[in-house]
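The chain contents come next:
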Amino acid sequence: MAISALRLEERAMPWFDLPEEQLKEYRTDTAEPAGLDQWWRVRLDEARAAAREPTLTRYEAETYAPVEVFDAEFSGAGGDRIKAWYLRPGRRPETGVPVVVKFIGYGGGRGRPAEHVLLPALGYALLVMDTRGQGGRWTTGATGDHVDGWHAGPENASVMTRGIARPEDYYFTRLFTDAVRAVETACAVSGAGRVAVTGMSQGGGLSLAVAALVPELVVVCHADVPFLCDIQRAITLAPQAPYTEVPEFLAHQVDLVPAALDTLRYVDCALLARRITAPCLLSVGLMDMICPPSTVFAAYNEITAGKDIAVHPFTGHEVPTAHVERQLRHLREFLD
């Protein structure tokens, strides 16, 4: 739900982006790469071809009873093994339980199961994907980026420019692929035909990406203050990290500017969002200095499926607690 986020120090500031009426009409001017669907199909097929069976190991049975918690592992991009938590509500049939897949904000990892017990307590199964090469900043991770070689463990890392010279090598190409494989794994281990996806900040971007890349598997999409939307605008507008990593890098690596900007188009959720078919609930803070409001609306305005957005005029890069109840009502309506 709306609790795990990118957690960077932020102070509220005046509205600095477009007026709300203009936000409702704003569209990205970034052009979609030619052959984007086929390009992603190749990436996902490569990951599926390299995949091994997921594993589930019961974790702290007495501590979490009646919720059943499993330390999970599945194959992501390149066949890399990705950690996850899988939590099931106790005293429920093993099949037929509604399933949610949760993605984590920038710098964080899967943390501990105690951070994710709300949905299982309310009757939902939940798979929480660890974030490769992160998990060293505000909550813990357990997965490296390329676990058999460099970046073999969790890091307090800045990854916005990792592999940015080529879309096939880009960090977020791997992470989006991991997220798709997480949804496919959740379906496989639960027996569900379709799942809900949820996340905040980077996690919200991953929710949008997965809902676009495998729409047949996603029945509900929640994306709070989503990152990785209208990226070329964001890197010129956001005054705080992580977007600032890109201009800081390109200010010196001037020869890479064309290639980097091209790479970012392949993982731009404002472009991918056109493919979403699931009912969506997004949120945006009009004082958000990390994911500027116009970038969130750039994705929202491209969604043609049923959608709603919670607009918080005096909120930065966070979600008011009251929004959690709105999300729960949305899940009850479209997932149960």
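Computed from a predicted model, the values in this text were never measured in an experiment. (Residues numbered from 1 in each chain as written. Predicted model: local features only at pLDDT ≥ 70, side-chain atom pairs only at ≥ 80, totals over all residues. Heavy atoms only, no water.)

## Concerning the packing of aromatic side chains
Move 1: Applying the stated criterion to the full structure yields 13 aromatic pairs.
Move 2: Measuring from ring centre to ring centre gives 6.2 Å for Phe297 and Tyr300, while their planes differ by 85°; the resulting arrangement is edge-to-face. Of the two residues, Phe297 and Tyr300 both sit in helix α11 (residues 293–300), three residues apart, roughly one turn of that helix.
Move 3: On the basis of relative accessibility, which here comes to 2%, the residue Phe297 falls in the buried class. (Phe/Tyr/Trp six-rings, centres within 6.5 Å; stacked < 30°, edge-to-face > 60°. Helix = DSSP H or I, 4+ residues; strand = E, 2+ residues; numbered from the N terminus. Buried < 20%, exposed > 50% of the residue type's maximum accessible area, 1.4 Å probe, protein only.)

## Notes on the nonpolar core
Move 1: In terms of nonpolar packing, the biggest core is built from 84 residues, with Phe103, Phe172, Phe176 and Leu208 touching the most fellow members.
Move 2: Ranked by residues supplied to this core, first place goes to helix α5 (residues 171–190) with 10 residues.
Move 3: When residues no more than four places from it in sequence are discounted, the contact partners of Phe172 are Tyr106, Val159, Met160, Gln202, Phe227, Leu228 and Val267.
Move 4: The next biggest cluster of nonpolar side chains, apart from the first, holds 20 residues, and it includes Val67, Val69, Tyr124 and Val219. (Core = buried A, V, L, I, M, F, W, Y, C linked by side-chain atoms within 4.5 Å. Contact = heavy atoms within 4.5 Å.)

## Points about unusual backbone geometry
Glycine aside, residues mostly have negative phi, and peptide bonds are mostly found in the trans state.
Move 1: For the bond from Ala65 to Pro66, the omega torsion is 10°, close enough to zero to count as cis.
Move 2: Along the polypeptide, Pro66 turns up in the loop between α3 (61–64) and β2 (68–75).
Move 3: Each neighbour pair has its own omega, and for Ala241 with Pro242 the value is 10°, a cis peptide bond.
Move 4: Tracing the backbone through its elements, the reader meets Pro242 in the loop between α7 (231–237) and α8 (245–250).
Move 5: The phi angle at Val225 is positive, at roughly 30°, despite the residue not being glycine.
Move 6: Here Val225 is to be found in the loop between β7 (218–224) and α7.
Move 7: On the basis of relative accessibility, which here comes to 1%, the residue Val225 falls in the buried class.
Move 8: Notably, Asp230 is not glycine yet its phi reads approximately 50°, a positive angle.
Move 9: Among the secondary structure elements, Asp230 is positioned in the loop between β7 and α7.

## Brief notes about the packing of helix α2 (residues 36–49) against α5
Move 1: It is at 10 Å that the axes of α2 and α5 come closest, and there the two elements cross at 60°. The orientation of α2 relative to α5 falls into the category oblique. In this structure, the crossing between α2 and α5 has a hand that is right-handed. Note on element contacts: α5 touches α2 through Thr173, Phe176, Thr177, Val180, Arg181 and Glu184, opposite Trp39, Trp40, Arg43, Leu44, Ala47 and Arg48.
Move 2: Tallied by class, the residues present in the contact of α2 with α5 amount to six nonpolar, two polar and four charged. (Axes fitted to C-alpha atoms, helices over the stretch in contact; angles between N-to-C directions. Parallel < 35°, antiparallel > 145°, perpendicular 65-115°, else oblique. Left-handed = near helix turned anticlockwise from the far one by under 90°. Nonpolar A, V, L, I, M, F, W, Y, C, P; charged D, E, K, R; others polar.)

## Things to note about the sheet that holds strand β6 (residues 195–199)
Move 1: The nine strands are arranged β1-β2-β3-β5-β4-β6-β7-β8-β9 in an open sheet whose pairing can be described as mixed. A strand with exactly one partner marks an edge of an open sheet, and here the two such strands are β1 (55–58) and β9 (307–312). Adjacent strand axes in the sheet meet at a mean angle of 20° when their direction is disregarded.
Move 2: Pairing analysis gives eight bridges linking β2 to strand β3 (residues 81–88), with the strands arranged antiparallel. Along β3, the bridge assignment pairs Glu73 with Lys83.
Move 3: Along the sheet face, α11 touches β8 (280–285) and β9 and points at about 165° away from the line of β8. (Pairing = 2+ DSSP bridges.)

## Some points on the confidence of the model for the chain
Move 1: Of all residues in the chain, 95% attain a pLDDT of 70 or more, and the chain-wide mean is 94.
Move 2: When the criterion is pLDDT under 50, residues 1–9 qualifies, and its contacts beyond four places in sequence or with other chains add up to 35 contacts. (pLDDT = per-residue confidence, 0-100.)

## Section: the environment of Ala152
Move 1: Looking at where Ala152 falls in the secondary structure, it is placed in the loop between β5 (125–129) and α5.
Move 2: Relative accessible area serves as the criterion here: at 48%, Ala152 is assigned to the partly exposed category.
Move 3: Sequence separation of Ala152 and Arg132 is 20 residues, and the distance between their C-alpha atoms is 9.3 Å.

## Some points on helix α6 (residues 202–213)
Move 1: A rise of 1.5 Å per residue sets the reference length of α6, with its 12 residues, at 16 Å; its end C-alpha atoms lie 16 Å apart and thus fit the reference within 8%.
Move 2: Along α6, 12 of the 12 residues are buried, which leaves the element largely enclosed by surrounding structure.
Move 3: Listing the buried residues of α6 in full gives Gln202, Gly203, Gly204, Gly205, Leu206, Ser207, Leu208, Ala209, Val210, Ala211, Ala212 and Leu213. (Expected span 1.5 Å × (residues − 1).)

## Some remarks on α2
For an α-helix the count is 3.6 residues per turn, leaving residues at separations of three or four pointing the same way.
Move 1: End to end, α2 covers 20 Å across 14 residues, agreeing with the expected 20 Å (1.5 Å per residue, within 8%).
Move 2: Residues of α2 that are buried include every one of Leu36, Trp39, Trp40, Arg43, Leu44 and Ala47, and no others. Buried residues along α2 cover an arc of 125° about the axis, so they all sit on one side.
Move 3: On the buried face of α2, the contacting elements are α5, α6 and α10 (269–272). (Arc of directions from axis to C-beta.)

## So, the side chain of His222
Move 1: When you line up the elements, His222 lands in strand β7.
Move 2: Classification of His222 as buried rests on a relative accessible area of 1%.
Move 3: Contacts of His222, omitting those with residues within four sequence positions, involve Val197, Thr198, Gly199, Ser207, Leu281, Gln327, His330 and Leu331.

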